[in-house]
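For reference, the chains in residue letters:
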Amino acid sequence: MDTLLLLNPIAFSFGALKVHWYGLILGTAALVGLLLVIREGKRYNIPQEVFMDMVLLGVPSAIIGARIYYVAFRWDDYKDNFWDVFKIWNGGIAIYGALIGAIICAVIFFRRKGYNFWRMADICAPGLIVGQMIGRWGNFVNQEAYGGPVEESFLRDKLHLPDFIVNQMNVEGVFHHPAFLYESMWSLVGLVILLVLRRQKFLRAGELFMSYFIWYSIGRFFIEALRTDSLGFQAPQWVASMVNGLWSPMTAMGFEQGYLDPAYGNVRISQLLAIGIIIVAVVFIVVRRLTGKADVRYSDPIVSSKVPSESSEDMVQTGPVAGKEDKVTPVSTNEDLKQAEEKKE
């Protein structure tokens, strides 16, 4: 559907090269998320290069995963225009696909670095949600990922949104729910929750990462149904009824679901995936607690199994002490012991 873009999606040009706001916003999102992760990593004396390398590999992996996920469920739109698959600047990526791509990359990367994935994923969780919070504004500039029709008065008088947002939500003379803004604000609240949670003594390894998934998926479930561009598939009627039943509190508050093209199905994939992720995350936390596998706390030292082979024969542990950055204690090597013996003689 053609839309009237009130904001120019192109930030600037170098000759024939056009730099889009979409790309700049995604880059900014990745940078802010990285800085947040590096800051937390310092409490565990983890070199910032570890996270920088992770971003250099993880961002392309996330983009590829997001695009593959989107194209796979809308293959009919691309099978006759294959080169459009690569035109990512026109939009068309899925956040869950991005997470799948990034997680696969992270599992491999952290394992090669000798770090436990769950410990590092916990550190990265706030960076992920802040990246999503900022990245959603790329959808705003592209005038995409909006919700169903609403009255202009709803945006101005009830939500009290500024003119530049209200005007951009005017698509061919019809105002729409700023779904991108809802998700961005939901992520902002989630960021605060994660920052508070990670300082609690009861938190175990892997639980902050799971908390991120739980919070984000709850919001995504309710916001997704407002959108008009959802990926869908044909599910049994009982599944569709279950999803609609869970969304019914939004109906009670006066919200209506956005249009879902019957050609794509009767259930929004992101909603169903959100339900599954919430269930898996909760089960993960409960089972690990009940079976005693959640013995490592978030605040415990983080160990890299690769350190001994690179610098010493002993294991080096890093971790926070009283909320401050730790000082690295030198590890005695055979050469140090030999010198000490010579001095005694």
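Whatever comes next refers back to the structure up there.
Conventions used here
Sequence positions are assigned chain by chain, starting from 1 and proceeding in written order. Only residues with pLDDT of at least 70 get local features here, since the model is predicted, and only at 80 or more are side-chain atom pairs given and counted; chain-wide, interface and lining totals rely on the full set of residues. In computing side-chain properties, one takes all heavy atoms of the structure into account and sets aside hydrogens as well as water. For two strands to be treated as a pair, DSSP must find no fewer than two bridges joining them. Helix and strand assignments follow DSSP, with helices taken as H or I runs no shorter than four residues and strands as E runs no shorter than two, numbered in order from the N terminus. Polar contacts, as counted here, are pairs of nitrogen or oxygen atoms within 3.5 Å of one another; within protein the pair requires one atom able to donate a hydrogen and one able to accept it, and residues that are adjacent in sequence qualify only if both atoms are side-chain atoms. The contact definition used throughout considers only heavy atoms, calling two residues in contact when any of these lie within 4.5 Å. Pairing of aromatic rings covers Phe, Tyr and the six-membered ring of Trp, with a centre-to-centre limit of 6.5 Å; geometry is then stacked below 30 degrees between planes, edge-to-face above 60, and tilted otherwise. Residues grouped as a nonpolar core are buried Ala, Val, Leu, Ile, Met, Phe, Trp, Tyr and Cys residues, joined through side-chain atoms within 4.5 Å. The cut-offs for exposure are 20% and 50% of the maximum accessible area for each residue type, with area from a 1.4 Å probe on protein chains only; residues under the lower value are buried, those over the upper are exposed, and the others partly exposed. Here a salt bridge means any side-chain nitrogen of Lys or Arg lying within 4 Å of a carboxyl oxygen belonging to Asp or Glu. Only residues whose relative accessible area exceeds 30% and that form no salt bridge are eligible for patches; like-charged ones are grouped when within 9 Å, while nonpolar side chains (Val, Leu, Ile, Met, Phe, Trp, Tyr) are grouped when within 5 Å. Reported accessibility uses the Shrake-Rupley method at a 1.4 Å probe radius. Residues are deemed covered only where the shown protein chains occlude them. Helix axes are fitted only over the stretch in contact, all axes being lines through C-alpha atoms; the angle between N-to-C directions runs from 0 to 180 degrees. Angular relationships are summarised with four words: roughly parallel below 35 degrees, roughly antiparallel beyond 145, roughly perpendicular across 65 to 115, and oblique for the angles in between. What makes a crossing left-handed is the near helix being turned counterclockwise from the far one by less than a right angle; a clockwise turn instead makes it right-handed.

**What to know about the pairing of strand β2 (residues 17-20)**
- Here four bridges tie strand β1 (residues 10-14) to β2, and the two strands are oriented antiparallel to one another. Bridge pairing links Ser-13 to Lys-18 in β2.
- A loop of two residues connects β1 with β2, the two strands running antiparallel in sequence, and Gly-15 in this loop sits at a positive phi of about 65°.

**Considering the side chain of Ser-270**
- Mapped onto the elements, Ser-270 comes out in helix α10 (residues 269-290).
- Separated by 3.5 Å, the side chains of Ser-270 and Arg-220 make a polar contact.
- Sequence-distant contacts of Ser-270, that is, excluding residues within four places in its chain, are made with Tyr-96, Arg-220 and Glu-224.

**Comments concerning the packing of aromatic side chains**
- Per the counting criterion, the structure on display carries 19 aromatic pairs.
- Ring centres 5.5 Å apart and planes at 65° place the aromatic pair Phe-109 and Phe-110 in the edge-to-face group.
- Joined through ring pairs, the aromatic side chains of Tyr-96, Phe-117, Trp-118, Phe-209, Tyr-212, Phe-213, Tyr-216 and Phe-284 make up one cluster.

**With respect to the nonpolar core**
- By size, the foremost hydrophobic cluster in this structure holds 84 residues, and its most contacted members are Ile-46, Phe-51, Phe-110 and Tyr-212.
- By residue number, the principal contributor to this core is helix α4 (residues 117-141), which donates eleven residues.
- Residues within four places of Phe-110 in sequence aside, it is in contact with Val-50, Met-54, Tyr-115, Phe-117, Met-120 and Cys-124.

**Brief notes about the pattern of salt bridges**
- Going through the model one piece at a time under the given rule, you end up with eleven salt bridges.
- Of the charged contacts, one joins Glu-224 and Arg-220 as a salt bridge, the two residues approaching to 2.7 Å between their closest N and O atoms. Taken together, the positions of Glu-224 and Arg-220, both in helix α8 (residues 207-224) and four residues apart, correspond to about one turn of that helix. In this pair, the class of Glu-224 matches that of Arg-220, namely buried.

**Considering a nonpolar patch on the surface**
- On the surface, Phe-12, Phe-14, Leu-17, Trp-21 and Leu-24 cluster together to form a nonpolar patch covering roughly 520 Å² of accessible area.
- Only β1 and α1 (21-42) provide two or more residues apiece to the nonpolar patch.
- Checked against the element boundaries, Phe-12 lands in strand β1.

**A look at the packing of α1 against α4**
- Their axes nearest at 8 Å, the elements α1 and α4 cross at an angle of 165°. Looking at the two axes, α1 sits roughly antiparallel to α4. At the point where α1 passes α4, the crossing takes the right-handed sense. Residues Trp-21, Tyr-22, Ile-25, Leu-26, Ala-29, Val-32, Gly-33, Leu-36, Val-37, Glu-40 and Gly-41 of α1 touch α4, and the partners they reach there are Ile-123, Cys-124, Pro-126, Gly-127, Val-130, Gly-131, Ile-134, Gly-135, Trp-137, Gly-138, Asn-139 and Val-141.

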